[in-house]
Amino acid sequence: MEMLATPYNFSARKQTIARHFSNASDYDQHANIQQQVCQYLLASIAHNRQDSVLEIGAGTGQMTRLLAACIQSQHWLINELCTEQATTLQSILPTAKIAIGDAETMDFERLHSLIISANAIQWFDNPLSFVVQSALCLQAKGQLLFNTFTSNNFLQVKALTGQGLHYPDIDEWRFALADAGFEKIQLSTQRFDLPFANPYAILKHMKLTGVSTNLTQTQSTNSQPFIWTKARLKQFELDYWQHFSAQDEDGQAYVNLTYEVLTVNAFKP
């Protein structure tokens, strides 16, 4: 296995994120929205022949598998936070270098013709910094392609728990891209409302895809961990039914969980 030597001195927050995703063993079975995002990103790649591809936050390899099947590249560099995924990622792309570590603090070698990331940048401490990092790592005419999410993501859970990641808005992304010198900037949003039988099923779905309300809160020195109690869980269920329930054609009640995806596509001059 060709793996870049990386010190695993993750911050406490990144250690927590890595632990949650390493425990999400059934991720691919439940991450249907994430898989659709990967397909959308794949269709947005400008050239199927690349000089060098850098993938950030590869996870279980949903995006990596699509890249391996559809894109030809002389060089591959695949980054992932969780050490446990290294063997899987190497099996998908045997010629790739696997870089295990925190993408925010790593120094990626060489210049790349494509930098791509699916369903990962929202976990950065400073997501907008990814734009500046990418500008430094891209070749001239290179493409930056990734998705993140908007403030409407998991809006129901955020409204009832007060917990959630901070997502830069579309104007912040546009300004950061322009300020870093990118051109041909395209930003688009897609909303998905996923139906579930009950609020407990929503919490289970989030856990199976590596997310929990304990994890999604924006960390600060004064923040207190969000802890579920029986009373809090019961109130969550009652409130979810009250505010976010609907009925299907047969009159069967259900609840939705909203995903809202922001896709960023831009080129270095």
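See the structure above.
All values derive from a computational prediction rather than experimental measurement.

### Topic: the overall build of the protein
Right, on to step 1. Regarding its fold elements, the protein presents eleven helices and eight strands.
Right, on to step 2. Within the protein, counting contacts between residues at least 6 apart in sequence, those at least 24 apart form 75% of the total.

### Thoughts on the side chain of Thr-150
Right, on to step 1. Among the structural elements, Thr-150 can be located in the loop between strand 5 (138–149) and helix 7 (155–161).
Right, on to step 2. A polar contact of 2.7 Å, which involves the side chain of Thr-150, links it to the side chain of Glu-260.

### Thoughts on the nonpolar core
Right, on to step 1. One finds Met-63, Ile-116 and Leu-257 to be the most contacted residues of the largest nonpolar core, which totals 47 residues.
Right, on to step 2. Of the residues forming this core, the biggest block, five residues, is contributed by helix 3 (residues 32–44).
Right, on to step 3. When near neighbours in sequence (up to four residues on either side) are disregarded, Leu-257 contacts Phe-154, Gln-156, Val-157, Phe-192, Asp-193, Leu-194, Phe-196, Ile-202, His-205, Met-206 and Tyr-240.
Right, on to step 4. One finds Ile-56, Leu-77, Ile-115 and Ala-135 within the second-largest nonpolar core, a separate group that totals 25 residues.

### Observations concerning the side chain of Asn-256
Right, on to step 1. Examined against the element boundaries, Asn-256 turns out to sit in strand 8 (residues 253–267).
Right, on to step 2. With near-sequence residues (within four places) excluded, Asn-256 lies in contact with Gln-156, Asp-193, Leu-194, Pro-195, Ile-202, Tyr-240 and Phe-244.

### Some details on helix 6 (residues 129–137)
Owing to its 3.6 residues per turn, the α-helix aligns residues three or four sequence positions apart on the same side.
Right, on to step 1. Of all the positions in helix 6, only Phe-130, Val-131, Ser-134, Ala-135 and Cys-137 are classed as buried. Down the axis of helix 6, the sector holding all buried residues measures 165°, keeping them to one side.
Right, on to step 2. Each element contacted by the buried residues of helix 6 is listed here: strand 1 (49–56), strand 4 (112–117), strand 5 and helix 8 (170–179).

### Here's the deal with the packing of helix 3 against helix 4 (residues 62–70)
Right, on to step 1. One can describe the packing of helix 3 onto helix 4 by two numbers: an axis separation of 9 Å at closest approach and a directional angle of 35°. Our pair here, helix 3 against helix 4, has a crossing hand that is right-handed. On the side of helix 3, the interface is formed by Gln-34, Gln-35, Cys-38, Gln-39, Leu-41 and Leu-42, while helix 4 contributes Gln-62, Met-63, Leu-66 and Cys-70.
Right, on to step 2. For the contact of helix 3 with helix 4, the class distribution of residues is six nonpolar, four polar and no charged.

### Digging into the packing of helix 9 (residues 199–208) against helix 11 (residues 230–244)
Right, on to step 1. Running from N to C, helix 9 and helix 11 point in directions that differ by 110°, and their axes come no closer than 9 Å. Classified by the angle their axes make, helix 9 and helix 11 are roughly perpendicular. Here Pro-199, Tyr-200, Ile-202 and Leu-203 of helix 9 lie close against helix 11, whose contacting residues are Leu-233, Phe-236, Glu-237, Tyr-240 and Trp-241.
Right, on to step 2. The residue inventory of the contact of helix 9 with helix 11, partitioned by class, reads eight nonpolar, no polar and one charged.

### A few points about the pairing of strand 1
Within a regular strand, the side chains alternate between the two sheet faces.
Right, on to step 1. Within strand 1, six of the eight residues are buried, which leaves it mostly tucked inside the rest of the structure.
Right, on to step 2. Bridge count for strand 1 against strand 2 (residues 72–80) is six bridges, and the pairing is parallel. Looking across to strand 2, one finds that Leu-54 is bridged to Leu-77.
Right, on to step 3. Read as a crossover between parallel neighbours, the route from strand 1 over helix 4 to strand 2 is right-handed.
Right, on to step 4. Pairing analysis gives four bridges linking strand 1 to strand 4, with the strands arranged parallel. Residue pairing in the sheet places Ile-56 in a bridge with Ser-117 of strand 4.

### As for the environment of Ala-68
Right, on to step 1. Position of Ala-68 relative to the elements: it lies in helix 4.
Right, on to step 2. Once the C-alpha coordinates of Ala-68 and Pro-94 are considered, the two residues, 26 residues apart in sequence, prove to be 9.9 Å apart.
Right, on to step 3. Excluding its chain neighbours within four sequence positions, the residues that come into contact with Ala-68 are Ile-92 and Leu-93.

### Concerning the packing of aromatic side chains
Right, on to step 1. Tallied over the full model, the rule gives nine aromatic pairs.
Right, on to step 2. Among the aromatic residues, those joined into a ring-pair cluster are Phe-226, Trp-228, Phe-236, Tyr-240 and Phe-244.
Right, on to step 3. The cationic tip of Lys-184 hangs over the ring face of Phe-267; the distance from NZ or CZ to the ring centre is 5.6 Å.
Right, on to step 4. It is Arg-232 that lies over the ring of Phe-226; its NZ or CZ is 4.2 Å from the centre.

Thresholds, definitions, all that
- Along each chain, numbering runs from 1 in the same order as the chain's sequence is written.
- With the structure being a predicted model, the display of local features is reserved for residues of pLDDT at least 70 and the display and counting of side-chain atom pairs for 80 or more, all residues being used for whole-chain, interface and lining totals.
- Where side-chain values are given, they derive from all heavy atoms of the structure, hydrogens and water being excluded.
- Under the scheme used here, helices are H or I runs from DSSP no shorter than 4 residues and strands are E runs no shorter than 2 residues, and both carry numbers assigned from the N terminus.
- Note on contacts: a residue pair is in contact if any heavy atoms of the two residues lie within 4.5 Å.
- Two N or O atoms form a polar contact when they lie within 3.5 Å of each other; inside protein one atom must be a possible hydrogen donor and the other a possible acceptor, and for residues adjacent in sequence the pair counts only when both atoms belong to side chains.
- Side-chain atoms within 4.5 Å are what join buried Ala, Val, Leu, Ile, Met, Phe, Trp, Tyr and Cys residues into a set we call a nonpolar core.
- Buried, partly exposed and exposed residues are distinguished by accessible area as a fraction of the type maximum, computed with a 1.4 Å probe on protein chains only: under 20%, between the cut-offs, and over 50%, respectively.
- Arc definition: it is the arc formed by the directions from the helix axis to the C-beta atoms.
- Axis definition: a line fit to C-alpha positions, over the contact stretch in the case of helices; interaxial angles, taken between N-to-C directions, run 0 to 180 degrees.
- For any helix crossing, the convention is left-handed if the near helix is rotated counterclockwise from the far helix by under a right angle, and right-handed if that rotation is clockwise.
- Put simply, Ala, Val, Leu, Ile, Met, Phe, Trp, Tyr, Cys and Pro go in the nonpolar bin, Asp, Glu, Lys and Arg in the charged bin, and everything else, Gly too, in the polar bin.
- Note on terminology: angles under 35 degrees are roughly parallel, angles over 145 are roughly antiparallel, angles of 65 to 115 are roughly perpendicular, and the others are oblique.
- Note on pairing: DSSP must find at least two bridges between two strands before they are called paired.
- Note on handedness: a clockwise path from strand one over the helix to strand two, with the strands aimed away from the viewer, defines a right-handed crossover.
- We call Phe, Tyr and Trp rings a pair once their centres come within 6.5 Å, taking the six-membered ring for Trp, and we label the pair stacked below 30 degrees between planes, edge-to-face above 60, and tilted otherwise.
- We call a charge positioned above a ring when the Lys NZ or Arg CZ atom is no farther than 6 Å from the ring centre and deviates by at most 35 degrees from the ring normal.

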